[in-house]
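# A closer look at the structure
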Amino acid sequence: MPYFNFDLVVGAEFKNQGGMILENTDYAIDKADSLANELCIVRPELRSTGCAVRVTDGDSNELYRTPLETIGRG
């Protein structure tokens, strides 16, 4: 099973939020969306700053990025 890393993207900075072994990329995308949703709740000030959560693989290739500003709206 592959290892995925999750970063909080703030401007040009990537702040590591941890990593985990997951079955596939679809699960990693679900985790990134969940992390973005949680960050919007606990850090609502990040919504309007262009922050995002990104997923990278073990070779540091970016696989997915979800902006915090679109999470939690509705």
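Described below are features of the structure shown in this document. Along each chain, residue indices are assigned from 1 in the same order as the chain's sequence is written. Only residues with pLDDT of at least 70 get local features here, since the model is predicted, and only at 80 or more are side-chain atom pairs given and counted; chain-wide, interface and lining totals rely on the full set of residues. Derived side-chain values reflect all non-hydrogen atoms in the structure, with water molecules and hydrogen atoms excluded from consideration.

### Things to note about the pairing of strand β3 (residues 52-56)
- Where burial is concerned, most of β3 is hidden: five out of the five residues are buried.
- Between buried and exposed lies partly exposed: a residue is buried under 20% and exposed over 50% of the maximum accessible area for its type, with that area taken using a 1.4 Å probe on protein chains only. Segments assigned H or I by DSSP are reported as helices when at least four residues long, segments assigned E as strands when at least two residues long, and all are numbered from the N terminus. Side chains of β3 alternate between two faces, with A52, R54 and T56 and V53 and V55 buried alike.
- Relative to β3, strand β1 (residues 3-10) runs antiparallel, the two sharing five bridges. Each bridged residue has a counterpart across the sheet, and for F6 the counterpart in β3 is V55.
- One bridge is not enough; two strands pair if DSSP finds at least two bridges between them. In textbook terms, the turn of a hairpin is the stretch between consecutive antiparallel strands, and for β3 and strand β4 (residues 62-67) this stretch comprises five residues, one of which, S60, has a positive phi near 70°.

### Side note on the environment of C40
- Checked against the element boundaries, C40 lands in helix α1 (residues 25-42).
- In this structure, the C-alpha to C-alpha distance between C40 and L68, residues 28 residues apart in sequence, is 6.5 Å.

### Quick look at the packing of aromatic side chains
- The criterion for an aromatic pair is that two Phe, Tyr or Trp rings (for Trp, the six-membered ring) have centres within 6.5 Å, with stacked assigned to planes under 30 degrees apart, edge-to-face to planes over 60 apart and tilted to the rest. On inspection of all chains with the given rule, the structure shows zero aromatic pairs.
- Lysine and arginine charges are scored as sitting over a ring when NZ or CZ, respectively, is within 6 Å of the ring centre and within 35 degrees of the ring normal. When the ring centre of F14 is taken as reference, the NZ or CZ atom of R54 above it lies at 3.7 Å.

### Considering the pattern of salt bridges
- Think of a salt bridge as a Lys or Arg side-chain nitrogen and an Asp or Glu carboxyl oxygen that are within 4 Å of each other. Summed over all chains, the structure comprises four salt bridges.
- The residue R54 makes a salt bridge to D7 at a minimum N-O spacing of 2.9 Å. On the criterion of sequence distance, the pair formed by R54 in strand β3 and D7 in strand β1 is long-range, its members being 47 residues apart.
- The exposure class of D7 is buried, given its relative accessible area of 6%.
- For E62, the salt bridge is made with R65, and the minimal N-O distance between the two is 2.8 Å.
- A residue is classified by how much of its surface remains accessible, and E62, at 38% relative accessible area, is partly exposed.
- One connected set of salt bridges, linked through shared partners, spans D7, R54, E62 and R65.

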